[in-house]
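Here are the chains, one letter per residue:
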Amino acid sequence: MGSIKKSVLINRPQLAGSYKKSGVDIWRYSFAGSEIGTGAERRFFIEFEMLNPYLSPAESKLGYQSRVNISAEDLQNVLAGTASAQNLRSETFVVPSYCVVRAGIYDVKPRQICEYFATKEVAFNTNVFNVNVGHCSFSDEKLSGFLDCPLSEIHEHPEYLCDAGSVSWELRYDFKKEYSKGYFQRPDGWYTSVCNAVFAGTITFDGKEYTVNPKKCAGYVDRLWGKTYPDPYFHVSCSNLTSMITGQLMAKSGFAVQGAFADRVSLSMRIGEKELTFCADEPKRSYQAIWECSQMPEDENGERLHWSVSITNKKFVIDIDVFCPASQLYVRSWELPEGKRKILKVIGGGSGTGEVRLYKKIKKNLELIEHAHVAMALCQFGKTEDPEQ
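Now for a quick tour of the structure. Given the structure is predicted, the values throughout are model-derived calculations rather than measurements.

Criteria and cut-off values
Residues numbered from 1 in each chain as written. Predicted model: local features only at pLDDT ≥ 70, side-chain atom pairs only at ≥ 80, totals over all residues. Heavy atoms only, no water. Helix = DSSP H or I, 4+ residues; strand = E, 2+ residues; numbered from the N terminus. Rg over C-alpha atoms; globule rule 2.2 N^0.38 Å. Buried < 20%, exposed > 50% of the residue type's maximum accessible area, 1.4 Å probe, protein only. Contact = heavy atoms within 4.5 Å. Areas by Shrake-Rupley, 256 points an atom, 1.4 Å probe, with all protein chains shown as cover. Lys, Arg positive; Asp, Glu negative; His and termini not counted. Charge placed at Lys NZ, Arg CZ, Asp CG, Glu CD. Core = buried A, V, L, I, M, F, W, Y, C linked by side-chain atoms within 4.5 Å. Salt bridge = Lys/Arg side-chain N within 4 Å of Asp/Glu carboxyl O. Phe/Tyr/Trp six-rings, centres within 6.5 Å; stacked < 30°, edge-to-face > 60°. Lys NZ or Arg CZ within 6 Å of the ring centre and 35° of its normal. Polar contact = N/O pair within 3.5 Å; in protein donor to acceptor, adjacent residues only side chain to side chain. Pairing = 2+ DSSP bridges.

### Some words on the overall build of the chain
Okay, step 1: Each helix and strand in the chain was counted, giving three helices and 25 strands.
Okay, step 2: Against the 2.2 N^0.38 benchmark of 21 Å for 389 residues, the chain shows a C-alpha radius of gyration of 22 Å, consistent with a compact globule.
Okay, step 3: Counting only residues that meet the buried cut, the chain has 50% of its 389 residues in that class.
Okay, step 4: Across the chain, contacts joining residues at least 24 apart in sequence account for 64% of those joining residues at least 6 apart.
Okay, step 5: Accessible surface, the chain: about 18400 Å² in total, of which carbon and sulfur atoms supply 50%.
Okay, step 6: The average position of the 46 basic charges and that of the 47 acidic charges among the side chains of the chain differ by 9 Å.

Here's what the structure looks like:
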């Protein structure tokens, strides 16, 4: 019962006080599926986000939506020649306030479909985690939904920041182990499932149906909330590890790195029998972390981005190196809670490959505990961009 109560508490909306009107709260799910007929594997994501949800609870307001700021009197003055059009603002910035469901596909021809809602359109159950919005529902055990956005609507509403298409899903999921704390410094928080999310069901994207096999899904779930997004935004996670020492698939192993929180990243990891957690809200002397996302020189593998993390404390050294082909990366735009058309540009992919090494410190030497190959890693990196003038 304890773990169930913990899950319900973490899955509740986390924004409180003034942050209900100025903050972001996200539920994120990612998994792999195989196309029926071809067997081609693709990675998907489903997200539910609340952005400044109680700033405008009765109306969905998108920051990129054009808002005319010229009165009838202003227009008459311009037509009569008594006022200059240069002195008038044709539109005004809007601070965003909405809830949104996003579902997308990574790798080849990546894209996402979005639908926006007012907060009052979202039904929450406070006793168990159960969210219903539009044709979508989220709970501790099941995800189901349908989104459709025709091309004509995208042309008419570029503020949707999404692509044309349709997607539907029927999924069940479970955790082998409860959420792990990754960071908690009010009002910000991050909790992760690490390697423990197992999905089963189907997802259909633009008419192509994919089967989600619990043994091959490489599932990932986390919760992220706070006054704004981490900036720079850094994420790499994987639950598909194969030991390069034994050659065996490490079914109960995985890791997740998230940041930047106060210029640090947090890491939660289970590798073999070792469980390690490094939280950015811990004292700085508790561990040191070096991390970056960099572009690799083009070679026979084409253009790639490199996510690298090195974390050290008194007992262990962890090195993570993951590479994603540039051709399979997707750039998304996330609105920032402060509005003014500020966005976080996030590049990401779901086909990262690489290695992770765990060393134990023995006096001045390092003993290799595990060396694993990484496949189907989820990789994201982003920075804030000011609006175009």
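### Considering the nonpolar core
Okay, step 1: With 101 residues, the main nonpolar core has Phe-138, Trp-169 and Trp-307 as its most contacted residues.
Okay, step 2: For Phe-138, the residues in contact, after removing those within four places along its chain, are Tyr-29, Ile-46, Glu-47, Phe-48, Val-101, Phe-129, Asn-130, Val-131, Val-133 and Leu-143.

### As for the pattern of salt bridges
Okay, step 1: Across all of its chains, the model carries 14 salt bridges by this definition.
Okay, step 2: When the shortest N-O distance is used, the salt bridge between Asp-188 and Lys-227 registers 3.1 Å. On the criterion of sequence distance, the pair formed by Asp-188 in strand S11 (residues 188-192) and Lys-227 in the loop between strand S14 (220-226) and strand S15 (233-238) is long-range, its members being 39 residues apart.
Okay, step 3: Bridged by salt links that share partners, the residues Glu-47, Glu-49, Arg-102 and Arg-332 form one connected network.

### Observations regarding the packing of aromatic side chains
Okay, step 1: Enumeration according to the criterion identifies 23 aromatic pairs in this entry.
Okay, step 2: Judged by centre distance (5.0 Å) and plane angle (45 degrees), the rings of Phe-45 and Tyr-106 are tilted. Of this pair, Phe-45 sits in strand S2 (residues 41-51) while Tyr-106 sits in the loop between strand S3 (98-105) and strand S4 (111-117); the two residues are 61 residues apart in sequence, bridging distant segments of the chain. With respect to burial, Phe-45 and Tyr-106 carry one shared label: buried.
Okay, step 3: Just above the ring of Trp-27 sits the side chain of Arg-223; from NZ or CZ to the centre is 4.0 Å.
Okay, step 4: The residue whose ring lies beneath Arg-304 is Phe-323, and the NZ or CZ to ring-centre distance is 4.6 Å.

### Structural notes on the side chain of Ser-97
Okay, step 1: Residue placement: Ser-97 occurs in the loop between helix H2 (72-80) and S3.
Okay, step 2: A distance of 2.9 Å separates a polar atom in the side chain of Ser-97 from the backbone nitrogen of Ser-56.
Okay, step 3: Apart from residues lying up to four places away in sequence, Ser-97 is in contact with Leu-51, Asn-52, Pro-53, Leu-55, Ser-56, Glu-59, Ser-60 and Lys-61.

### Observations regarding the pairing of strand S7 (residues 136-139)
Okay, step 1: Residues Cys-136 and Phe-138 point to one face of S7 and Ser-137 and Ser-139 to the other, with burial holding for every one of them.
Okay, step 2: Direction of pairing for strand S6 (residues 130-133) relative to S7: antiparallel, over a ladder of four bridges. Within S7, the position partnered with Asn-130 by the bridge is Ser-139.
Okay, step 3: The hairpin formed by S6 and S7 contains two residues between the paired strands, and Gly-134 there has a positive phi angle of roughly 55 degrees.

### Observations concerning the environment of Gly-63
Okay, step 1: Mapping Gly-63 onto the fold places it in the loop between S2 and H2.
Okay, step 2: What makes Gly-63 buried here is its relative accessible area of 1%.
Okay, step 3: Placed 287 residues apart in sequence, Gly-63 and Gly-350 show a C-alpha to C-alpha distance of 28 Å.
Okay, step 4: Beyond its immediate sequence surroundings of up to four residues, Gly-63 is in contact with Val-94, Pro-96, Glu-335 and Arg-341.

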